[in-house]
Amino acid sequence: MKSFALALRNLLRNRRRSITTLIAMIIGASAILLFGGYSRNITFGMQTGFVQRSGHLQIQHKDFFLYGNGNPAAYGIADYQKVIEIVRHDPVLAPMLAVVTPSLQLSGIAGNFSAGVSRTVIGGGVVVEEQNQMRQWNDYGFPLTPRPLALTGTSADSAVIGIGVARVLQLCAPLQIARCPQPAVLKTDAATDAKGTPDDIAALSAQEQSVTPAHSDTRIEMLAANAHGAPNVAGLNVIKAEAQGMKELDDIFIALHLSQAQKLIYGAASPQVTAISLQLQHTSQIPAARARLDQMLATTFKDAPLEVQDYETLNPMYGQSIGMFQALFSFITILIGSIVLFTVGNTMSMAVVERTVEIGTLRAIGLRRHGIRRLFMIEGLLLGVIGAMLGVLVSLVLASIINHCGLSWTPPGYIDPVPLTVRVWGQNDLIYGSTIGLVIVAVISAWWPANRASRMNIVDALRHV
């Protein structure tokens, strides 16, 4: 304790230099914690978005993830309702589950044949009520108000498309889409339109219209290959066009009710789905839930070719974004650590030069080399501890100010702005890691001057002017 008291007293002897060093450490610690809290918030925000859309885990037909996009119908899950019931009532999984819902991925050609235009689309059929439940997941407490799907409360033949699809199909005016330019082409007459429609699609469309006639300007036909490879067509009533955040997705997106998608792909045959999404209460439950699912696939569902994928595998963009922020955080941490290293080292070197006679006196009265070294290293330790603790306090105050400023931003792939927040409070691993790291850097930076002080010649130190 005497060594700590003496070290603290030595730091207070030159308050200006000590305060300058502490300010540098406070700024460094605050910068590390604020950026770490910001990147942590980005991580949780992206995770929340992906989990709300696709769940934490998905049960899929084996190899669907690798090859299913080419032919989703060939990788359907038969008896999917039975699988869902077993999973929902499993005694191990049930306490962890929030939502279990099926979905069907499909692709085809959407056409507005009255305008003589069509384009390839990719989308899926979902159970709207269950998807709305998934959108309520907010395990990290973001100040968000989830919006229900546009398909909520609509008829079975309703569809939602991307704005890019609406633009190509010339539905901007009927859907009242702002900032949706149309090509400057001459409209063709009805005879030309009829002539431009392929005979097979026209026949299929006529059959569909005989059952459900077109009743609005937003009616389109979607042509897809059914499970047997034969073409099938469905008349759809587009109720809304929504931006998807990325042009590539915006130009191909379509969403349907699950029953309509199954009718289009499987017709009168037994309906199937391409994925069963499992949304858990907490992300931390993924290892336990996946282990239980793997056990069930090896026993209860051993005759079904099924596999489990997590949200990170299903959304590679998540891992890439997290890796980028981790690289940036590491770079900033190394840069600030280097600044602290040289700042504390310079402070301790100046202290050694100014106290050369004092060092010689201490050595002359019997203090050993390791005692001198310990004294200066304790001073570095105190600088590190005080600077890191003050840095934590300052970062908490700044984070609270930022969080209450009402700032917002639109992340990549999002269409709505989200609150800009910095998560420092409660991130114990970030706080402890940064604090311990800065203290270690401060002690290391004090070692070289302390070692140099301990090796001074006593006589030369006593006559130093």
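For the structure, see preceding data.
In this report, the structure presented in the accompanying data block is examined. Predicted model, so just to flag it, every value in this text is computed and none were measured.

What to know about the overall build of the protein chain
Along the backbone of the protein chain there are 18 helices and 11 strands. For 465 residues, the compact-globule estimate of 2.2 N^0.38 gives 23 Å, and the protein chain exceeds it by more than 25% at 33 Å. Dimensions along the principal axes, computed over C-alpha positions, put the protein chain at roughly 110 × 60 × 35 Å. Looking at the protein chain as a whole, 47% of its 465 residues are labelled buried. At a minimum sequence separation of 6, the contacts of the protein chain that also span at least 24 residues come to 77%. Approximately 23,700 Å² of the protein chain is accessible, and the part contributed by carbon and sulfur atoms is 61%. Charge-centre separation for the protein chain: the mean point of 35 positive side chains lies 23 Å from the mean point of 30 negative side chains.

Remarks on the environment of Gln-170
Mapped onto the elements of the fold, Gln-170 is located in the loop between helix 6 (163-168) and helix 7 (172-175). On the basis of relative accessible area, Gln-170 is assigned to the partly exposed category, the value being 29%. Between the C-alpha atoms of Gln-170 and Ala-115, which are 55 residues apart in sequence, the distance is 7.3 Å. Contacts of Gln-170, omitting those with residues within four sequence positions, involve Asn-112, Ala-115, Val-117, Gln-182 and Pro-183.

Brief notes about the pairing of strand 3 (residues 117-126)
Two elements, strand 2 (residues 97-112) and strand 3, share 10 bridges in a ladder whose sense is antiparallel. Its bridge partner being in strand 3, Ser-107 is matched across the sheet by Ile-122. The turn linking strand 2 back onto strand 3 is made up of 4 residues, and Gly-116 within it adopts a positive phi angle of 70°. The pairing of strand 3 with strand 7 (residues 253-257) spans 5 bridges and is classified as parallel. If you follow Gly-125 over to strand 7, its bridge partner there is Leu-256.

A word on the packing of helix 16 (residues 369-403) against helix 17 (residues 428-454)
Where helix 16 contacts helix 17, the axes come no closer than 7 Å and their chain directions differ by 150°. The pairing of helix 16 with helix 17 is recorded here as roughly antiparallel in orientation. Judged by the sense of rotation from one axis to the other, the crossing of helix 16 with helix 17 is right-handed. Seen from helix 16, the contacting residues are Arg-369, Ile-372, Arg-373, Phe-376, Met-377, Gly-380, Leu-381, Gly-384, Val-385, Ala-388 and Val-392; seen from helix 17, they are Ile-431, Thr-435, Leu-438, Val-439, Ala-442, Val-443, Ala-446, Trp-447, Ala-450, Asn-451, Ala-453 and Ser-454.

Digging into helix 12 (residues 286-298)
Taking 1.5 Å per residue as the helical rise, helix 12 with its 13 residues ought to reach 18 Å, and the 18 Å between its terminal C-alpha atoms agrees with that figure. Its buried side turned inward, helix 12 meets strand 1 (57-61), helix 4 (80-88), strand 8 (275-280), strand 9 (306-310) and helix 13 (311-314).

Digging into the pairing of strand 7
In terms of burial, strand 7 is largely enclosed, as 5 of its 5 residues are buried. Relative to strand 7, strand 4 (residues 158-162) runs antiparallel, the two being bridged by 3 bridges. Bridge pairing in strand 7 links Ile-161 to Ile-254.

Some words on the side chain of Ser-395
Within the secondary structure, Ser-395 is located in helix 16. Residue classification places Ser-395 among the buried positions, given a relative accessible area of 0%. Those residues in contact with Ser-395, other than ones at most four positions away along the chain, are Ser-30, Leu-33, Leu-34 and Val-424.

Digging into the packing of aromatic side chains
All told, the structure shown has 9 aromatic pairs when counted by the stated rule. With a centroid separation of 4.1 Å and an interplanar angle of 5°, the aromatic rings of Phe-44 and Tyr-140 are classed as stacked. Placement of Phe-44 in helix 2 (residues 15-54) and of Tyr-140 in the loop between helix 5 (128-134) and strand 4 is noted, with a sequence separation of 96 residues between them. Taken together, a centroid distance of 6.0 Å and an interplanar angle of 85° make the contact between Trp-137 and Tyr-140 edge-to-face. When sorted by exposure, Trp-137 lands in the same class as Tyr-140, which is buried. Through pairs of rings, three or more aromatic residues link up here, namely Phe-35, Tyr-38, Phe-325 and Phe-329. A cation over an aromatic ring shows up here: Arg-423 above the ring of Phe-142, its NZ or CZ 4.6 Å from the ring centre.

About the cut-offs
- Just so you know, the residues in each chain are numbered from 1, in the order the chain's sequence is written.
- Per-residue local features are limited, in this predicted model, to residues with pLDDT of at least 70; the limit for side-chain atom pairs, both in listing and counting, is 80 or more; totals at the level of whole chains, interfaces and linings are taken over all residues.
- Excluding hydrogens and water, the side-chain values take into account all heavy atoms of the structure.
- Secondary structure elements follow DSSP: runs of H or I of four or more residues count as helices, runs of E of two or more count as strands, with numbering from the N terminus.
- Throughout, radius of gyration means the C-alpha value; the globule benchmark is 2.2 Å times the number of residues raised to the power 0.38.
- Burial here depends on accessible area, computed with a 1.4 Å probe over protein chains only, as a share of the maximum for the residue type. Under 20% is buried, over 50% is exposed, and the range in between is partly exposed.
- What makes two residues a contact is simply this: any of their non-hydrogen atoms within 4.5 Å.
- In these tables, accessible area is a Shrake-Rupley quantity obtained with a 1.4 Å probe, and a residue counts as shielded only by the protein chains included in the view.
- All tallies of charge rest on Lys and Arg as positive and Asp and Glu as negative; His and the ends of each chain are not included.
- Charged side chains are reduced to one point each, which is NZ for Lys, CZ for Arg, CG for Asp and CD for Glu.
- Two strands pair under a simple rule: DSSP has to find at least two bridges between them.
- Whenever a helix is involved, its axis is fitted only over the stretch in contact; in every case the axis is a line through C-alpha atoms, and angles between N-to-C directions fall within 0 to 180 degrees.
- An angle below 35 degrees is read as roughly parallel, one above 145 as roughly antiparallel, one from 65 to 115 as roughly perpendicular, and any other as oblique.
- The hand of a helix crossing depends on one turn: near helix anticlockwise from the far one by less than a right angle means left-handed, and clockwise means right-handed.
- Each residue after the first adds 1.5 Å to the expected span of a helix.
- Any pair of Phe, Tyr and Trp rings, taking the six-membered ring for Trp, is counted once the centres come within 6.5 Å. Such a pair is stacked with planes under 30 degrees apart, edge-to-face with planes over 60 apart, and tilted for the rest.
- For a lysine, the NZ atom is tested; for an arginine, the CZ atom; a charge sits over a ring if that atom is within 6 Å of the ring centre and within 35 degrees of the ring normal.

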